[in-house]
Amino acid sequence: MVPSKEPAEVLRQLMAAELPEGLTAHIDRVVHLAGLLARQHGADEGLARLMAQAHDVVRHLDPRALLQRAEMLGLEIDPVDRVEPVLLHGPVGAVELYERFGIRDERVLHAVHWHTSGHPDYGPEAWAMFIADKVDPTKVERWPALADVRDAAWLSLERAALTYLDLLLVRAVTERWHVHPATVRARNALIARLD
Ligand SMILES: [Fe+2]
Ligand SMILES: [Fe+2]
């Protein structure tokens, strides 16, 4: 008997034709690590892998196209999204997954929608995806402090996520970046849970 393909693999095949190679390679690495982190923490490995496979489905679209899509779809657009429309690839991606790729699992759509900031309602699978995305080796190479996030993730996904959001906030202050309100909300929720 031929074993049936897992949902992440089915989605990978559907997406592969549309995505640039570099993005597919990034997603493959995120899927792999998200699965390992989910296993480490006794979470649903298949769900974490599916969230990871789905997370960057429209990451290759240019910022103007993302903003246009978000406006057309009537999505909520924060002023920070208008400055950095690339942040909209989560919310736009979630709609795309529903409309074009048949993804109906609300947990997956929610995880993808919020994957640039994290979310107070994230469970272990979504945090596993979130962290696996942030500590992709190419990102750690560009920003070595991320190694702390990667190492912390084997002990606690939420602590690792908080470490990431702390690093991001410090850097945002130093470099005078905008901070998306969703990032602040996710960080506040983690602090309340962990302290
Ligand atoms: Fe992304
Ligand atoms: Fe990503």
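Quick caveat, the model's predicted, so the values are computed rather than measured.

### What about the overall build of the protein chain?
Within the protein chain, the secondary structure is distributed over twelve helices and zero strands. Mapped in sequence order, the helices and strands of the protein chain form the string α-α-α-α-α-α-α-α-α-α-α-α. Since a compact globule built from 195 residues should have a radius of gyration of about 16 Å, the 16 Å found for the protein chain is in line with a globular shape. In terms of principal-axis extent, the alpha carbons of the protein chain reach across some 55 × 40 × 30 Å. Sequence separation of 24 or more characterises 60% of the internal contacts of the protein chain that already satisfy a separation of 6 or more.

### A look at the packing of helix 3 (residues 45-54) against helix 7 (residues 106-113)
The interhelical angle for the contact between helix 3 and helix 7, taken along N-to-C directions, is 45°, at an axis separation of 9 Å. Considering the angle they form, helix 3 stands oblique to helix 7. The hand of the helix 3/helix 7 crossing is right-handed. For the pair helix 3 and helix 7, contact is made by Leu47, Leu50, Met51 and Ala54 and by Arg107, Val108, Ala111 and Val112, respectively. When grouped by side-chain class, the residues that make up the contact of helix 3 with helix 7 number seven nonpolar, no polar and one charged.

### Remarks on helix 4 (residues 63-73)
Those residues of helix 4 lying buried are Leu66, Arg69 and Ala70. Around the axis of helix 4, the buried residues are gathered within 100° of arc, so they sit on the same side. Away from its buried face, by an angle of more than 90 degrees, helix 4 presents the exposed residues Arg64, Glu71 and Met72. Tucked into the core, helix 4 has its buried residues touching helix 6 (89-100). Immediately downstream of helix 4, the backbone of Gly74 shows phi near 70°, a positive value.

### Points about unusual backbone geometry
The backbone phi angle of Arg176 is positive, close to 55°, even though this residue is not glycine. One can find Arg176 in the loop between helix 11 (157-175) and helix 12 (181-194).

### Observations concerning helix 3
Within helix 3, nine of the ten residues are buried, leaving the element largely enclosed by the surrounding structure. Three or more residues of helix 3 are buried, namely Glu45, Leu47, Ala48, Arg49, Leu50, Met51, Ala52, Gln53 and Ala54. Where helix 3 is buried, its residues meet helix 1 (7-16), helix 2 (21-40), helix 6, helix 7 and helix 8 (124-134).

### Details of the environment of Ala186
Tracing the backbone shows Ala186 in helix 12. The contact partners of Ala186, leaving out residues within four places of it in the chain, are Ser117, Gly118, His119, Pro120 and Leu165.

### Digging into the nonpolar core
Core analysis: the biggest nonpolar cluster contains 52 residues, and Ala34, Met51, Met129 and Ile131 have the highest contact counts within it. When neighbours within four sequence positions are excluded, Ala34 is seen to be in contact with Ala48, Arg49, Met51, Ala52, Ala128, Met129 and Ala132.

### Overview of the environment of Thr163
Within the secondary structure, Thr163 sits in helix 11. Expressed as a C-alpha distance, the spacing of Thr163 and Ala128, which sit 35 residues apart in the sequence, is 14 Å.

### Details of the packing of helix 6 against helix 7
Packing of helix 6 against helix 7 leaves a shortest axis separation of 7 Å and a crossing angle of 150°. When the axis of helix 6 is compared with that of helix 7, the two are roughly antiparallel. Here Gly90, Pro91, Gly93, Ala94, Leu97 and Tyr98 of helix 6 lie close against helix 7, whose contacting residues are Leu109, Val112 and His113. The residue inventory of the contact of helix 6 with helix 7, partitioned by class, reads six nonpolar, three polar and no charged.

The rules behind these values
Residues numbered from 1 in each chain as written. Chains lettered and ligands numbered in written order. Predicted model: local features only at pLDDT ≥ 70, side-chain atom pairs only at ≥ 80, totals over all residues. Helix = DSSP H or I, 4+ residues; strand = E, 2+ residues; numbered from the N terminus. Rg over C-alpha atoms; globule rule 2.2 N^0.38 Å. Contact = placed C-beta atoms within 7 Å. Axes fitted to C-alpha atoms, helices over the stretch in contact; angles between N-to-C directions. Parallel < 35°, antiparallel > 145°, perpendicular 65-115°, else oblique. Left-handed = near helix turned anticlockwise from the far one by under 90°. Nonpolar A, V, L, I, M, F, W, Y, C, P; charged D, E, K, R; others polar. Buried ≥ 20, exposed ≤ 12 C-beta atoms within 10 Å, placed from the backbone. Arc of directions from axis to C-beta. Core = buried A, V, L, I, M, F, W, Y, C linked by C-beta atoms within 7 Å.

Spatial relationships are all this shows, so hold off on functional conclusions.
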